[in-house]
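So you can see what is in the structure, the chains are spelled out below.
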Amino acid sequence: GAGVSQTPSNKVTEKGKYVELRCDPISGHTALYWYRQSLGQGPEFLIYFQGTGAADDSGLPNDRFFAVRPEGSVSTLKIQRTERGDSAVYLCASSLYGFTDTQYFGPGTRLTVL
Amino acid sequence: AQTVTQSQPEMSVQEAETVTLSCTYDTSESDYYLFWYKQPPSRQMILVIRQEAYKQQNATENRFSVNFQKAAKSFSLKISDSQLGDAAMYFCAYRSMSTGTASKLTFGTGTRLQVTL
């Protein structure tokens, strides 16, 4: 079946602009995760959804970052007033039920803030 | 908070040879999962192997096996009969089994594996 997909693949924006990054999880997966991977680093957890609700948003760095999953499938990560330090690859993952299930990752969106 | 350390930024192995990637972690928990993920240039993280901490037997997946030393908090990955397609970044990751924090993976900084002819 289809894996996790993310759009766009690459996004270039200017400092101060608003961006939205989209994640389509594997069909039927109830859990969805966002991670951020800076250059030369491992991914860092941002937020975890179980169904439509954010079960753990402890990794969001500040209030410029927000994510939604209104119907329990597709999720959008929103970044307001982007800063150059937001430049990174944003990875999305999904798992069947969450908790102990294996997380399957998408190819990521590379965000570049000029 | 849990931490994962990969002390080898780069490793190189000849095709058909064996290589071992190191990983250590720090936790006060007794139940958890450990993973090795592979990230090729396409950026997509691919699960290589998974180990449950309560299992004493080391996990094996075809040419990939782990050496899990719970007391030493060590979790190394052995790749046998290395192939050109194994070239990638390899990340070690930790996942708690505590209900409050079991959602997230904590990753190390990765080891870049080169495979030469």
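**Concerning the nonpolar core**
Working step 1: Among the nonpolar cores identified, the biggest contains 25 residues, and B:Tyr25, B:Trp36, B:Phe75, B:Leu77 and B:Tyr90 are the most heavily contacted of them.
Working step 2: Aside from chain neighbours lying at most four places away, what touches B:Tyr25 is B:Thr3, B:Val4, B:Tyr32, B:Leu34, B:Phe68, B:Gln69, B:Lys70, B:Lys73, B:Ser74, B:Phe75 and B:Tyr94.
Working step 3: Of all hydrophobic cores here, the second largest spans 20 residues; its members include A:Cys23, A:Leu32, A:Trp34 and A:Ala67.

**Looking at the interface of chain A and chain B**
Working step 1: Chain A puts 27 residues into the contact, and the matching count from chain B is 22 residues.
Working step 2: Carbon and sulfur atoms supply 50% of the area buried between chain A and chain B, which totals about 1900 Å² over both sides.
Working step 3: At the surface where chain A touches chain B, the tally comes to zero salt bridges.
Working step 4: Linking chain A with chain B are ten residue pairs in polar contact (both at pLDDT 80 or more).
Working step 5: Looking at the side of chain A that touches chain B, the elements that each hand over two or more residues are strand S4 (31-37), strand S5 (44-50), strand S9 (88-95) and strand S11 (109-113) of chain A.
Working step 6: Considering every element that reaches the side of chain A that touches chain B, the biggest residue donor is S4(A), with three residues.
Working step 7: Here the residues of the side of chain A that touches chain B are counted per class, giving ten nonpolar, 14 polar and three charged.

**Remarks on the state of the cysteines**
Such a bond, covalent and formed between the sulfur atoms of two cysteines, is termed a disulfide.
Working step 1: Taken as a whole, this structure holds two disulfides over all chains when the rule is applied.
Working step 2: Here A:Cys23 pairs with A:Cys92 through a disulfide, and the sulfurs are 1.8 Å apart. Around the S-S axis, the bridge from A:Cys23 to A:Cys92 shows a dihedral of about -65° and counts as left-handed. Taken together, the residues span a long stretch of sequence, with A:Cys23 in strand S3 (residues 19-24) and A:Cys92 in strand S9 at a distance of 69 residues. Exposure class is identical for A:Cys23 and A:Cys92. Each is buried.
Working step 3: Across the disulfide from B:Cys23 sits B:Cys92; the S-S distance is 2.0 Å.

**Remarks on the packing of aromatic side chains**
Working step 1: Evaluation of the coordinates by the stated rule reveals 15 aromatic pairs over all chains.
Working step 2: Centroid distance A:Tyr35 to A:Phe105: 5.5 Å. Interplanar angle 45°. Geometry classified as tilted. With a gap of 70 residues between them, A:Tyr35 in strand S4 and A:Phe105 in strand S10 (residues 104-105) connect regions that are remote in the sequence. We note that A:Tyr35, like A:Phe105, is buried.
Working step 3: Summarising the aromatic geometry, the rings of B:Tyr25 and B:Tyr32 are spaced 5.4 Å apart at their centres and angled 65° between planes, so their arrangement reads as edge-to-face. In this pair, the class of B:Tyr25 matches that of B:Tyr32, namely buried.

**Focus: unusual backbone geometry**
Glycine aside, the phi torsion of most residues is negative, and most peptide linkages are trans.
Working step 1: Each neighbour pair has its own omega, and for A:Thr7 with A:Pro8 the value is -10°, a cis peptide bond.
Working step 2: Tracing the backbone shows A:Pro8 in the loop between strand S1 (5-7) and strand S2 (10-13).
Working step 3: Positive phi outside glycine occurs at A:Arg81, with the angle close to 45°.
Working step 4: With respect to the helices and strands, the residue A:Arg81 is situated in the loop between strand S8 (75-79) and S9.
Working step 5: The backbone phi angle of B:Ala16 is positive, close to 80°, even though this residue is not glycine.
Working step 6: Its location among the elements puts B:Ala16 in the loop between strand S2 (10-14) and strand S3 (19-21).

What counts and how
- Residues numbered from 1 in each chain as written.
- Chains lettered and ligands numbered in written order.
- Predicted model: local features only at pLDDT ≥ 70, side-chain atom pairs only at ≥ 80, totals over all residues.
- Heavy atoms only, no water.
- Core = buried A, V, L, I, M, F, W, Y, C linked by side-chain atoms within 4.5 Å.
- Buried < 20%, exposed > 50% of the residue type's maximum accessible area, 1.4 Å probe, protein only.
- Contact = heavy atoms within 4.5 Å.
- Buried area = accessible area lost by both parts, 1.4 Å probe.
- Salt bridge = Lys/Arg side-chain N within 4 Å of Asp/Glu carboxyl O.
- Polar contact = N/O pair within 3.5 Å; in protein donor to acceptor, adjacent residues only side chain to side chain.
- Helix = DSSP H or I, 4+ residues; strand = E, 2+ residues; numbered from the N terminus.
- Nonpolar A, V, L, I, M, F, W, Y, C, P; charged D, E, K, R; others polar.
- Disulfide = S-S within 2.5 Å.
- Phe/Tyr/Trp six-rings, centres within 6.5 Å; stacked < 30°, edge-to-face > 60°.

So far we have only geometry, and geometry alone does not tell us how the molecule works.
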